Structure formats: structure tokens, C-alpha cells
Amino acid sequence: DAGVIQSPRHEVTEMGQEVTLRCKPISGHDYLFWYRQTMMRGLELLIYFNNNVPIDDSGMPEDRFSAKMPNASFSTLKIQPSEPRDSAVYFCASSLSRGGWAGELFFGEGSRLTVL
Amino acid sequence: RKEVEQDPGPFNVPEGATVAFNCTYSNSASQSFFWYRQDCRKEPKLLMSVYSSGNEDGRFTAQLNRASQYISLLIRDSKLSDSATYLCVVNYGGATNKLIFGTGTLLAVQP
């Protein structure tokens, strides 16, 4: 079975450019999470969705970040404009709820973003 | 205070050793607890859930102490393949699926 698929795997861009990261969750999973990982701060939860609806976006750093989930099989995380401090690995994870709780998180391989 | 705190390590241990990691969490209303493992430059993967009564999976034992708000992971008979970063995960608050990761503890098992 296909796991969580993220694209691009690597992106190098210049400050001020728009960056769009994409995620295809595991089919049938009803939770989707976006995390950012840096050496200094570890894994930070940015936002999560349940049945395509954003539930908690309190981790989104600022207005430059936005996330959407137009349907059950696709989500995007957009950064506009990008800044060097946004450089990180961005992980998408999906999960199948059990009794209302998110079960095991299945992570994609991550998108490594470098903003020059 | 951070929501989930771990000793970053590294823990350098010889093969066959027993090693234990602790993790503390700040929100007493948290209800779900997990250990994830992350290999270098890879994605995190679930190692085990942590139950109130404690649970064991082969060489791995997880314990939860609600009164002191900490979680532990014990690895017996360490293998070279256990070398990785171990991430403590806690849901933030009561009935929420906001899952917070600790910054991880690095384990290096030496031959």
C-alpha cells in the first residue's frame, strides 16, 4: 500500500518566493497533520485537519503560512513570502481515528526546504 | 516550561546494555502518550503507545507516571540497530488530537 506521499522532496528557493508543499495522505485516513522539524526546535505541529476541516492551526507561525485540504486525498502548505528562517524539513502525517482519537501517525518522507 | 521535555543525550551505550529515557509533560489533562523512533534523515515512526498500566513489547518497556507527569522508555539488551532518536509524544490537553513531540533523545549503541 502507498504511504503518505509528499512533494517536492527537496526545494531550494530564494527569499521572497512562494513555496507550496503537497501531501497525499493514506487513503481512508481522516486526520492529517503538518509538522516542521528543525535542529533547534524539533518537530513542531503547525496545523491538523479532521475530515478535511482545520481543527487547530495555533502552531502556524504567522500569516505567511497557510494550509488547505480541499479533499480527503490532498493537502497543501503554502509559504508566501518565504524567509530564510523557514528552512526546515516539513512533514505531513495522516492517521485513522479510533474512537475519536487519532491513531498511529504515518509520516511522509518530508519536504526539505532551503530558503536562501 | 516546554510542553514535552526530553534529555537530548546523546546516550552512548555498549551493545547489550540496558538504557532508559524519561520524558516529562506539562499538561496534566493529557491522555495519550507514545514513543516514536526517528532514524537519521528519515521520518518518525511509531515505536509503541504508552498505557497507564505500563506495557512491554519485546525488549522495550514503557511506563507512565501520571502523578509526576513523566513517561519512560526502557530498552534492554541494546542492539546496534537501536541507534536512533527516540521521540516522546503527548496529546496536548484532554479530548484533543493535538499531538506534541519532544525534541528527542539520541541513542548511539556502540559495538
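All values derive from a computational prediction rather than experimental measurement.

1. Thoughts on the overall build of chain B
Stage number 1. Assigned secondary structure in chain B consists of 0 helices and 11 strands.
Stage number 2. Counting from the amino terminus, helix and strand elements in chain B follow one another as β-β-β-β-β-β-β-β-β-β-β.
Stage number 3. Its C-alpha atoms give chain B a radius of gyration of 13 Å, within 12% of the compact-globule value 13 Å for 111 residues.
Stage number 4. By principal-axis analysis of the C-alpha atoms, chain B measures approximately 45 × 30 × 20 Å.
Stage number 5. Counting the 111 residues in chain B, one finds 50% classified as buried.
Stage number 6. Long-range contacts, defined here as pairs at least 24 residues apart, represent 57% of the contacts in chain B between residues at least 6 apart.
Stage number 7. For chain B, the distance from the average site of its 11 positive side-chain charges to the average site of its 10 negative ones is 4 Å.

2. What about unusual backbone geometry?
Residue and element names in this part refer to chain A.
Stage number 1. Following Ser7, the chain continues to Pro8 via a peptide bond in cis, the omega torsion being -10 degrees.
Stage number 2. The topology assignment puts Pro8 in the loop between strand E1 (5–7) and strand E2 (10–13).
Stage number 3. Here the amide bond leading from Gln80 into Pro81 is cis, since omega sits at -5 degrees, within 30 degrees of zero.
Stage number 4. Within the element layout of this structure, Pro81 appears in the loop between strand E8 (74–79) and strand E9 (88–95).
Stage number 5. For Asn51, which is not a glycine, the phi torsion comes out positive at approximately 50 degrees.
Stage number 6. Position of Asn51 among the secondary structure elements: in the loop between strand E5 (42–50) and strand E6 (53–56).
Stage number 7. Within the chain, Asn52 stands out as a residue other than glycine whose phi angle is a positive 75 degrees.
Stage number 8. With respect to the helices and strands, the residue Asn52 is situated in the loop between E5 and E6.
Stage number 9. Taking the relative accessible area as the measure of exposure, Asn52 reaches 29% and is therefore partly exposed.

3. Description of the pattern of salt bridges
All names here are of chain A.
Stage number 1. One pass over the full model with this rule turns up 14 salt bridges over all chains.
Stage number 2. The salt bridge involving Glu109 is made with Arg9; its shortest N-O contact spans 3.2 Å. Placement of the pair is Glu109 in the loop between strand E12 (106–107) and strand E13 (111–115) and Arg9 in the loop between E1 and E2, with a sequence separation of 100 residues.
Stage number 3. Note that Glu83 and Arg85 form a salt bridge whose closest N and O atoms lie 2.6 Å from each other.
Stage number 4. Judged by its relative accessible area of 23%, Glu83 is partly exposed.
Stage number 5. Here the salt bridges share partners, and the residues they tie into one network are Glu62, Arg64, Glu83, Arg85 and Asp86.

4. Points about the interface of chain A and chain B
Stage number 1. Taken together, the contacts link 21 residues of chain A with 19 residues of chain B.
Stage number 2. Carbon and sulfur atoms supply 56% of the area buried between chain A and chain B, which totals about 1700 Å² over both sides.
Stage number 3. The tally of links from chain A across to chain B stands at 1 salt bridge.
Stage number 4. Note that Lys98(B) and Asp56(A) form a salt bridge whose closest N and O atoms lie 3.9 Å from each other.
Stage number 5. At the boundary of chain A and chain B, one finds 4 residue pairs in polar contact (both at pLDDT 80 or more).
Stage number 6. Breaking the side of chain A that touches chain B down by element, the ones donating at least two residues are strand E4 (31–38), E5 and strand E11 (101–102) of chain A.
Stage number 7. Among the residues forming the side of chain A that touches chain B, the class breakdown is 11 nonpolar, 5 polar and 5 charged.

5. Some words on the sheet that holds strand E1 (residues 4–6) of chain B
All names here are of chain B.
Stage number 1. Read from one edge to the other, the open sheet built from 5 strands follows the order E1-E3-E8-E7-E6, with strand pairing classed as antiparallel. Looking at which strands have only one partner, the edges of the open sheet turn out to be E1 and strand E6 (55–57). The average angle at which neighbouring strand axes cross in this sheet is 20 degrees, direction not considered.

6. Brief notes about the state of the cysteines
Stage number 1. Tallied over the entire structure, the rule returns 2 disulfides over all chains.
Stage number 2. Covalent S-S linkage joins Cys23(A) and Cys92(A), the inter-sulfur distance amounting to 1.9 Å. Between Cys23(A) and Cys92(A), the disulfide has an S-S torsion of -65 degrees and is therefore left-handed. Of this pair, Cys23(A) sits in strand E3 (residues 19–24) while Cys92(A) sits in strand E9; the two residues are 69 residues apart in sequence, bridging distant segments of the chain. For the pair Cys23(A) and Cys92(A), a shared accessibility class is recorded, and that class is buried.
Stage number 3. A sulfur-sulfur distance of 2.0 Å marks the disulfide that ties Cys23(B) to Cys88(B). Measuring handedness by torsion sign, the sulfur bridge of Cys23(B) and Cys88(B) sits at about -75 degrees and is left-handed. A residue pair is termed long-range when its members are at least 10 positions apart, and Cys23(B) in strand E3 (residues 19–25) and Cys88(B) in strand E9 (residues 84–91) qualify at 65 residues.

Reading guide: rules and limits
Per-chain numbering applies: the sequence of each chain, read as written, is numbered from 1 onward. To label them, take the chains in the order written and letter them from A, then take the ligands in the order written and number them from 1. Predicted model: local features are reported for residues with pLDDT of at least 70 only, side-chain atom pairs are reported and counted for 80 or more only, and whole-chain, interface and lining totals are derived from all residues. In computing side-chain properties, one takes all heavy atoms of the structure into account and sets aside hydrogens as well as water. Each helix is a run of H or I in the DSSP string that is no shorter than four residues. Each strand is a run of E no shorter than two, and both are numbered from the N terminus. With C-alpha atoms as the basis for the radius of gyration, the globule rule is written as 2.2 Å multiplied by the number of residues raised to the power 0.38. Only protein chains enter the accessibility calculation, which uses a 1.4 Å probe; a residue is then buried when its area is under 20% of its type maximum, exposed when over 50%, and partly exposed in between. Any two residues whose heavy atoms approach within 4.5 Å are treated as being in contact. Positive residues here are Lys and Arg, negative ones are Asp and Glu, while His and the chain termini are left out of the count. The atom standing in for a charge is NZ when the residue is Lys, CZ when it is Arg, CG when it is Asp and CD when it is Glu. Any carboxyl oxygen of Asp or Glu that lies within 4 Å of a side-chain nitrogen of Lys or Arg is treated as forming a salt bridge with it. A simple way to read buried area is as the amount of 1.4 Å-probe accessible surface that goes missing from two parts once joined, with both sides added. The definition of a polar contact used here is a pair of N or O atoms within 3.5 Å, where within protein one atom must be able to donate a hydrogen and the other to accept one, and adjacent residues in sequence count solely through side-chain atom pairs. All amino acids are sorted into three groups, where Ala, Val, Leu, Ile, Met, Phe, Trp, Tyr, Cys and Pro are nonpolar, Asp, Glu, Lys and Arg are charged, and the leftover types, Gly among them, are polar. By this definition, two strands are paired if DSSP reports at least two bridges between them. For every element, the axis is a line fit to its C-alpha atoms; helices are fit only across the contacting stretch, and the angle between N-to-C directions ranges from 0 to 180 degrees. Defined by distance alone, a disulfide is two cysteine sulfur atoms within 2.5 Å.

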